[in-house]
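Residues per chain, in single letters:
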Amino acid sequence: MRILIVGNGGREHALLWKLKRDAPNAEFFATRPNGGMAAHCQPVALAPTDVEALSGWAAAHRVDLTVVGPEAPLASGIVDRFRAKGLPVFGPTKAAARIEASKAFAKDLMRGAGVPTAEYRTFTNLEGAEAFIRERGAPIVVKASGLAAGKGAVVCPTVEEALTAVRSMLGELEFGEAGREIVIEECMQGEELSVFAVTDGAHCVILVPAQDHKRVGDGDTGPNTGGMGAYAPVSLATPELIERAHAQVFAPTLAALAKEGAPFTGLLYAGLMLTPDGIRVVEFNCRFGDPETQVVLPLLESSLLELIATVAEGGSLAGRRARQRAGAAVTTVVAAGGYPGTYEKGRSIDIPLGLERDDLIVFHAGTELRDGRLVTAGGRVLAVTALADTFPRAADESRAAAARIAFEGAFHRTDIGWRERARLETT
Ligand code: AMP
Ligand code: GLY
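Let us look at the structure shown here. (Residues numbered from 1 in each chain as written. Chains lettered and ligands numbered in written order. Predicted model: local features only at pLDDT ≥ 70, side-chain atom pairs only at ≥ 80, totals over all residues. Heavy atoms only, no water.)

**Structural notes on the packing of aromatic side chains**
(1) Moving on: Taken as a whole and judged by the stated rule, the model has 7 aromatic pairs.
(2) Moving on: With a centroid separation of 5.9 Å and 90 degrees between ring planes, the pair formed by phenylalanine 196 and phenylalanine 288 is classed as edge-to-face. With phenylalanine 196 in strand S10 (residues 191–199) and phenylalanine 288 in the loop between strand S17 (278–285) and helix H10 (293–296), the pair connects residues that are 92 residues apart, well separated along the chain. Here phenylalanine 196 and phenylalanine 288 have matching classes, each one buried.
(3) Moving on: Considering the side-chain rings of tyrosine 231 and phenylalanine 391, the 5.4 Å spacing of their centres and the 65 degrees angle between planes classify their relative orientation as edge-to-face. Residue tyrosine 231 is found in strand S15 (residues 229–232), and its partner phenylalanine 391 is found in helix H12 (residues 391–404); the two are separated by 160 residues along the sequence. (Phe/Tyr/Trp six-rings, centres within 6.5 Å; stacked < 30°, edge-to-face > 60°. Helix = DSSP H or I, 4+ residues; strand = E, 2+ residues; numbered from the N terminus. Buried < 20%, exposed > 50% of the residue type's maximum accessible area, 1.4 Å probe, protein only.)

**What about the site of ligand 2?**
(1) Moving on: Taken together, Asp212, Gly226, Tyr269, Asn285, Arg287, Gly289, Asp290, Pro291 and Glu292 make up all the residues around ligand 2.
(2) Moving on: Here an oxygen atom of ligand 2 sits 3.5 Å away from a polar atom, N or O, in the side chain of asparagine 285.
(3) Moving on: About the coverage of ligand 2: the protein hides 90% of its 200 Å² of free accessible area.
(4) Moving on: Its residues assigned to classes, the shell around ligand 2 shows 2 nonpolar, 3 polar and 4 charged. (Near = heavy atom within 4 Å. Polar contact = N/O pair within 3.5 Å; in protein donor to acceptor, adjacent residues only side chain to side chain. Areas by Shrake-Rupley, 256 points an atom, 1.4 Å probe, with all protein chains shown as cover. Nonpolar A, V, L, I, M, F, W, Y, C, P; charged D, E, K, R; others polar.)

**Some thoughts on the nonpolar core**
(1) Moving on: With 55 residues, the main nonpolar core has Leu4, Ile78, Ile99 and Leu272 as its most contacted residues.
(2) Moving on: Ignoring any residue separated from it by four or fewer positions in sequence, one finds isoleucine 78 in contact with Val6, Pro48, Val51, Leu54, Val68 and Pro73.
(3) Moving on: In this structure, Phe196, Val296, Ala312 and Phe363 belong to the second largest nonpolar core, which totals 46 residues. (Core = buried A, V, L, I, M, F, W, Y, C linked by side-chain atoms within 4.5 Å. Contact = heavy atoms within 4.5 Å.)

**Quick notes on helix H6 (residues 103–113)**
(1) Moving on: Turning to H6, its buried residues are Lys103, Ala104, Phe105, Ala106, Lys107, Leu109 and Met110.
(2) Moving on: Two residues or fewer after H6 comes glycine 114, characterised by a positive phi angle close to 70 degrees.

**Regarding the side chain of lysine 107**
(1) Moving on: On the secondary structure map, lysine 107 appears in helix H6.
(2) Moving on: The residues touching lysine 107, leaving out its near neighbours within four places in the chain, are Thr117, Ala118, Tyr120, Val183 and Glu185.

**Here's the deal with unusual backbone geometry**
(1) Moving on: The omega torsion of the bond from alanine 138 to proline 139 falls at -5 degrees, within 30 degrees of zero and hence cis.
(2) Moving on: On the secondary structure map, proline 139 appears in the loop between helix H7 (126–136) and strand S7 (140–144).
(3) Moving on: Look at the link from tyrosine 339 to proline 340: it is a cis peptide, with omega at 10 degrees.
(4) Moving on: If you trace the backbone, proline 340 turns up in the loop between strand S18 (328–335) and strand S19 (360–364).
(5) Moving on: At arginine 32, a residue that is not glycine, the phi angle is positive and equals roughly 40 degrees.
(6) Moving on: Secondary-structure assignment places arginine 32 in the loop between strand S2 (27–31) and strand S3 (42–44).
(7) Moving on: Overall, arginine 32 belongs to the partly exposed group, its relative accessible area being 45%.
(8) Moving on: The phi torsion at aspartate 220 lies on the positive side, around 55 degrees, for a residue other than glycine.
(9) Moving on: For aspartate 220, the position within the fold is in the loop between strand S13 (215–217) and strand S14 (221–224).
(10) Moving on: Aspartate 220 gets classed as partly exposed once you look at its relative accessible area, which sits at 21%.

**A look at the sheet that holds S2**
(1) Moving on: Strand order in this open sheet of 5 strands is S3-S2-S1-S4-S5, and the pairing throughout is parallel. Every interior strand has two partners, whereas the edge strands, S3 and strand S5 (89–90), have only one.
(2) Moving on: As judged from the 3 bridges shared by S2 and S3, these two strands associate in the parallel manner. The partner of alanine 30 across the bridge, within S3, is proline 43. (Pairing = 2+ DSSP bridges.)

**As for the pairing of S7**
(1) Moving on: A large share of S7 lies buried, amounting to 5 of its 5 residues.
(2) Moving on: A two-sided burial pattern is seen for S7, the buried positions comprising Ile140, Val142 and Ala144 on one face and Val141 and Lys143 on the other.
(3) Moving on: Here 4 bridges tie S7 to strand S8 (residues 153–156), and the two strands are oriented antiparallel to one another. Each bridged residue has a counterpart across the sheet, and for isoleucine 140 the counterpart in S8 is cysteine 156.
(4) Moving on: Looking at chain direction, S7 and strand S9 (residues 182–186) are connected through 5 bridges and run antiparallel. Residue pairing across strands places alanine 144 opposite isoleucine 182, the latter belonging to S9.

**Examining the site of ligand 1**
(1) Moving on: The immediate surroundings of ligand 1 are formed by 15 residues, with Glu185, Glu186, Met188, Glu192 and Glu283 found nearest.
(2) Moving on: Side-chain polar atom of glutamate 185 to a nitrogen atom of ligand 1: 2.7 Å apart, as the coordinates give it.
(3) Moving on: Glutamate 186 is positioned such that a nitrogen or oxygen atom in its backbone is 2.9 Å from a nitrogen atom of ligand 1.
(4) Moving on: If ligand 1 stood free it would expose 470 Å²; the protein chains cover 90% of that surface.

**Some thoughts on the sheet that holds strand S16 (residues 266–275)**
(1) Moving on: The 4 strands lie next to each other as S11-S10-S16-S17, forming an open sheet whose pairing is antiparallel. Edge positions in the sheet fall to strand S11 (204–206) and S17, since each has one partner strand and no second. Mean inter-strand twist for the sheet, computed between neighbouring axes without regard to direction, equals 35 degrees.
(2) Moving on: With 7 bridges connecting them, S16 and S17 associate as antiparallel partners. Each bridged residue has a counterpart across the sheet, and for tyrosine 269 the counterpart in S17 is asparagine 285. (Axes fitted to C-alpha atoms, helices over the stretch in contact; angles between N-to-C directions.)

What follows is the structure in structure tokens.
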């Protein structure tokens, strides 16, 4: 079997790691693999968004299954293109990927389907947006509707900050086309949960929920990032809560997409907030989350490949379930100094020999091999995942291992899972 992975970050390294365990004899390919993926697959020198060339390459190389990591190629129709050529591919079509690519579309869909989410209005006109903010007051949340690499949402504690945010989005086009339309919504309070469902468009297999850490600094301080660490399972995510997420969020959203003529196949990621009034959707993503994937997949005991291949080949997931291993996983991201702002690349990375074990996996994100030397090539450089029988052990192991990885400017959060730790300490 020949499997192509599109993308080269920490999430894609985790997908490669898991699929390789599921199919040790398969041949793996990846687009511009990072320094950790390189030893486990053959490189394809094409950009993930070069959809035309990729579909041609996959056809010429008789690829049996393509798994798409990032949202950008999905939003530009990679799945439609592969399907048109009869190539099995895991991911949503361009029309279904709008659930992430257009927040205005996602919000309208949720409203129509009765899926609980923050109250909102969409605007393309600055004066209208300003008047709405003044009328509603703060705190309030301003979001670019289009894809903005995780930077398009601004939680505004004051009216002034909200006015500044809409002026830079609609007035100065800070996010370009992605911010020509904006969503202004009610600010919700509560803990966030990332829930992944592998879906054939009608049935879903929900994987173990995880919690991300978006702020760059300990204690959830500083600017937002792509995610500085994650853990799973989250004790708040009881079987009863997962059942409610299925009934209130996944089932009606999938039904509404199908009714729109855009059935969603692939991985639907619901970013939930657990508010005092119940579950609310913060956002949907049309792909696996990063770094949540680096804890969710190591905890998945049953085959991911079986689920993904079934969906890619147009089969049904009716009656399927995921089997999860016992214990906990924690991942700590080691980032380059300056991230999420500007940072240096090309720094030599030292990972001590013997650090990596069966229960300690170093997933590479922004790394590359240069003349056989491992160097930094991005802001989030590595994600260090520890598996253990209990959450505190996994957290301690992940943190200790992250601290042993060295490159100039390296830093990491030392409190991944602090909410879970606090919960465990009070119960
Ligand atoms: P998003 O890009 O929509 O995932 O938003 C990024 C982050 O902003 C989320 O993970 C939340 O922490 C925060 N956020 C987004 N929308 C809201 C909201 N309506 N209320 C409170 N926080 C929000
Ligand atoms: N960790 C957040 C995301 O993948 O969108």
